[in-house]
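Here is what each chain is made of, one letter per residue.
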Amino acid sequence: GIEITITGAAAHASEPHRGLSPLPVLARVAEKAAALPATVITMEEEEQQQQRMEEEEGEREDAKEEKNNVAQSPPPSSPPLLTLVHLSAGKPGDFGVLPAVGTLCATLRADRIQTVNRLARALLNLVAEEARVAAAGEGEGFQIEHRLVEPFAETKSSQFGLEVVEAACAELKDHVYAGSNSLGADGEGTARLTFSDDPTGPFPWSEDFGQFTAACGGNGALFGLGAGLNHPALHAKDYDFNDDLIPMGADLWLMIVQNALCRQRV
């Protein structure tokens, strides 16, 4: 996340011309922020552009295919995402005061941390430009400060990790799980564990698993244990964790550990 603080000058509400309120800046930034991701070139797009240039110049004619531990044939990259989560200025009930300080908070998401950093710079540039326009001819103008909050590196699933998870699911595919809440599409409270390589792209939410996999040589995989397409989404007001998933998850983890240890011995 990113938190941006914009400081102008307070004044009495009856004399707004004597102050410099951040409210107009916040309003214009909020209006334009949604369009920012489309202006940011992602790392994937930059790499593709570079690759095309090298191919056109003939520099890749004898290049060997790069081999690493990252899963082959990755899903298509997701576009960057900027979500405004907080805007504030002044205090409720202070009808006589033109506020001097405003705050904007946003979450920035992308497949690569480099793209997140580019999106952050684009947002800061937008804030600086709107502040400059709003403060035209108004003394020293606005003071802008920002801080990054809990930045997450991307989580890359390795080929080894994906194979271990897929194999674990395959070994449990014939096990039928029963519960008081429906986990499957049959409406009878039963479900089977199946592996689905979702072609729609990576998970959009932030996780710190990238730190753990990096510390383990990159051998890891991020996967979700779904409760069904009709289950309320996380953070929805009617969301409730389905406890019937616990036995399924426990069996899957045990099988993953067994498969991982066996493969490492080979």
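Residues numbered from 1 in each chain as written. Predicted model: local features only at pLDDT ≥ 70, side-chain atom pairs only at ≥ 80, totals over all residues. Heavy atoms only, no water.

Q: How should I be thinking about the sheet that holds strand β1 (residues 2-7) in this particular structure?
A: Across a sheet, strands are paired by hydrogen bonds formed along the backbone, either parallel or antiparallel in direction. Strand order in this open sheet of 4 strands is β3-β5-β1-β6, and the pairing throughout is antiparallel. Edge positions in the open sheet fall to β3 (81-89) and β6 (143-148), since each of these has one partner strand only. Here the strands of the sheet are splayed against their neighbours by 20 degrees on average, with no regard to which way each runs. Helix-sheet contacts for helix α1 (residues 23-32) involve β1, β3 and β5 (101-109), and the interaxial angle to β3 is about 160 degrees. (Pairing = 2+ DSSP bridges. Helix = DSSP H or I, 4+ residues; strand = E, 2+ residues; numbered from the N terminus. Axes fitted to C-alpha atoms, helices over the stretch in contact; angles between N-to-C directions. Contact = heavy atoms within 4.5 Å.)

Q: I would appreciate a short explanation of the pattern of salt bridges in the present structure.
A: When the charged atoms of two side chains with opposite charge come close together, those side chains can pair. The final tally for this structure, using the stated rule, is 5 salt bridges. For Glu3, the salt bridge goes to Arg147, with nearest N and O atoms at 3.1 Å. Note that Glu3 is positioned in strand β1 and Arg147 in strand β6, a separation of 144 residues in sequence. Overall, the relative accessible area of 23% leaves Glu3 in the partly exposed class. The residue Glu130 makes a salt bridge to Arg28 at a minimum N-O spacing of 2.9 Å. Of this pair, Glu130 sits in helix α3 (residues 113-134) while Arg28 sits in helix α1, placing them 102 residues apart in sequence. (Salt bridge = Lys/Arg side-chain N within 4 Å of Asp/Glu carboxyl O. Buried < 20%, exposed > 50% of the residue type's maximum accessible area, 1.4 Å probe, protein only.)

Q: Before we go on, may I ask you to explain the nonpolar core in this structure?
A: Buried together is how nonpolar side chains tend to be arranged in soluble globular proteins. Core analysis: the largest hydrophobic core is formed by 25 residues, its most contacted members being Ile2, Ile4, Leu82, Leu108 and Leu123. Listing elements by their share of this core, those giving two or more residues are β1, α1, β5 and α3. With 9 residues, the top contributor of residues to this core is α3. Excluding residues within four positions of it along the chain, Ile4 makes contact with Gly102, Thr103, Leu104, Leu123, Leu124, Val127, Ile144, Glu145 and His146. With 9 residues, the next largest nonpolar core counts Val164, Leu252, Met255 and Ala260 among its residues. (Core = buried A, V, L, I, M, F, W, Y, C linked by side-chain atoms within 4.5 Å.)

Q: What exactly am I supposed to notice about α3 here?
A: Each α-helix turn comprises 3.6 residues. Residues three or four places apart therefore point the same way. Between its first and last C-alpha atoms α3 spans 32 Å; for 22 residues at 1.5 Å apiece the expected length is 32 Å, and the two agree. What α3 keeps buried is the set Thr115, Val116, Leu119, Ala120, Ala122, Leu123, Leu124, Leu126, Val127, Glu130 and Ala131. (Expected span 1.5 Å × (residues − 1).)

Remember that the coordinates give geometry; whether it matters functionally is a separate question.
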